[in-house]
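A structural walkthrough
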Amino acid sequence: MSEQATVIELTAARNDRLDRVLADELTDYSRSRLQKLIELGCVQVNGSVCSEKKTKVRTGAAIKLELPPDQPLAVEPEAIPLDIRYEDADILIVNKAAGMVVHPAPGNYTGTLVNALLHHCDDLAGINGVLRPGIVHRLDKETTGALVVAKNDAACVHLQAQFKSKTARREYLGVIFGVPPSDTGTVNQPIARHPVDRLKMGIVPEEKGGRHAITHYELRERLGNYSLLNFRLETGRTHQIRVHCQFLGHPLIGDRLYSQGRTPGVNLAGQALHAWQLSLTHPRTEEPLTVRAPLPAEFEKLLRILRQRQ
């Protein structure tokens, strides 16, 4: 290991798998990061390197973990304006703009939220072993609204646990074609990659790889032949609201992937879907925190036009 490596020594508190023992003791680190460190040979058990996460260790075993220095992310900071709705030493909540990809990926290595965050924040800790913001959930490129970012490993672990346990609450506003079958309802349909069109997600039975997905909706306003709905997510599958709206037979306005209908009078950048409210527990203070993101101008214009037509 590098001379700059951080060494952590501990004693196994119980008989269990190596990754579980480490996760129990080192609560500031995500289990996925600890598993990666095991695979990289950064962990010794009773003086011998152990690179298998499922290795059983006994109570009292001496465990030594060497944390390599954080490596800078090969993504350049960019001076991209951010609509920051909340920020402190642990987390940052932004109102993401339409057209912005959250994380660099093939075809989108610039102009992403991560590029903007790297420019904005000079105190980001090494999250998941890389000097980059801790993205714990995402929004589609054309979906706008509130998104939380962790600024350190402890906050990242805490927020990931909240999203996994569904204690973090996300609410969206969306405008759909037509009127839903009831004023309130729930769509409980598994989602996976579409078997034919690989750009899409689709309703796929769980026995064929579909992942459990639940979306709750409530009618906010009738807008002639359209409806404004409030959505609350229990799960966070890719394109979940968009796919579930298509399943209902009432796709989102402006959704070029899941709808063929014309956008009524507004040239939307994408689907009319906005994450308007995010509620969570602050990872340091344990106090409840709710942040709202104002609707983008295009969304407001769409609602204004539809209300005038009634």
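Given the structure is predicted, the values throughout are model-derived calculations rather than measurements. (Residues numbered from 1 in each chain as written. Predicted model: local features only at pLDDT ≥ 70, side-chain atom pairs only at ≥ 80, totals over all residues. Heavy atoms only, no water.)

A few words now on the overall build of the chain. Along the backbone of the chain there are 6 helices and 21 strands. Dimensions of the chain along its principal axes, counting C-alpha atoms only, are 75 × 45 × 40 Å. Across the 310 residues in the chain, those meeting the buried criterion constitute 49%. Counting contacts in the chain only where the partners sit at least 6 residues apart, residues at least 24 apart contribute 65% of the total. For the chain, the accessible area works out to roughly 15400 Å², and carbon and sulfur atoms hold 46% of it. (Helix = DSSP H or I, 4+ residues; strand = E, 2+ residues; numbered from the N terminus. Buried < 20%, exposed > 50% of the residue type's maximum accessible area, 1.4 Å probe, protein only. Contact = heavy atoms within 4.5 Å. Areas by Shrake-Rupley, 256 points an atom, 1.4 Å probe, with all protein chains shown as cover.)

All right, on to the packing of helix H1 (residues 18-25) against helix H2 (residues 31-39) then. Following both chains from N to C, one finds H1 and H2 inclined at 130°, their axes separated by 9 Å at the closest point. In terms of their interaxial angle, H1 and H2 are classed as oblique. Like other packed secondary-structure pairs, H1 and H2 cross with a definite hand, here right-handed. Counting all contacts with H1, which are made through Leu18, Asp19, Arg20, Leu22 and Ala23, the residues of H2 involved are Arg31, Leu34, Gln35 and Ile38. Residues belonging to the contact of H1 with H2 are distributed by class as follows: 5 nonpolar, 1 polar and 3 charged. (Axes fitted to C-alpha atoms, helices over the stretch in contact; angles between N-to-C directions. Parallel < 35°, antiparallel > 145°, perpendicular 65-115°, else oblique. Left-handed = near helix turned anticlockwise from the far one by under 90°. Nonpolar A, V, L, I, M, F, W, Y, C, P; charged D, E, K, R; others polar.)

Strand pairing in a sheet relies on backbone hydrogen bonds. The paired strands run either parallel or antiparallel. Within the open sheet, the 4 strands sit side by side as E1-E6-E3-E4. Their pairing is antiparallel. Two strands in the sheet have a free side with no partner beyond their single neighbour: strand E1 (6-11) and strand E4 (48-49). Strand direction decides the pairing type here: strand E3 (residues 43-45) and strand E6 (residues 62-67), joined by 3 bridges, are antiparallel. Bridging across to E6, Val43 finds its partner in Leu65. Relative to E6, H2 is tilted by about 95°, and along the sheet it contacts E3 and E6. (Pairing = 2+ DSSP bridges.)

Among the 7 residues of strand E13 (residues 144-150), 7 are classified as buried, and the element is accordingly described as predominantly covered. Bridge count for strand E9 (residues 91-96) against E13 is 6 bridges, and the pairing is antiparallel. The residue of E13 that forms the bridge with Lys96 is Gly145. Sheet topology note: the strand E12 (residues 134-135)/E13 ladder contains 2 bridges and is antiparallel. Looking across to E13, one finds that Gly134 is bridged to Ala150.

Let's shift gears to the nonpolar core. With 27 residues, the main nonpolar core has Leu113, Leu147, Tyr172, Phe231, Ile241 and Leu252 as its most contacted residues. Going through the elements one at a time, E9, helix H3 (113-120), E13, strand E14 (169-177), strand E18 (214-223), strand E19 (226-233), helix H5 (240-248) and strand E20 (273-281) are the ones with two or more residues in this core. In terms of residue count, the dominant contributor to this core is H3 (4 residues). Every residue in contact with Leu252, bar those within four places of it in the chain, is listed here: Gly174, Val175, Ile176, Phe177, Phe231, Ile241, Arg242, Cys245, Ser259, Gln271, Ala272 and Leu273. Ranked by size, the runner-up nonpolar core spans 20 residues in total, among them Ala12, Leu22, Leu26 and Ala61. (Core = buried A, V, L, I, M, F, W, Y, C linked by side-chain atoms within 4.5 Å.)

Below, the discussion takes up the pattern of salt bridges. A full pass over the atoms with the stated rule returns 10 salt bridges. The salt bridge involving Asp16 is made with Arg14; its shortest N-O contact spans 2.2 Å. The class for Asp16 is buried, based on a relative accessible area of 12%. In this structure, Arg242 engages Asp255 in a salt bridge whose closest nitrogen and oxygen atoms are separated by 2.8 Å. With Arg242 in helix H5 and Asp255 in the loop between H5 and E20, the pair connects residues that are 13 residues apart, well separated along the chain. For the pair Arg242 and Asp255, a shared accessibility class is recorded, and that class is buried. A single network of salt bridges, built from pairs that share partners, joins Arg14, Asp16 and Arg20. (Salt bridge = Lys/Arg side-chain N within 4 Å of Asp/Glu carboxyl O.)

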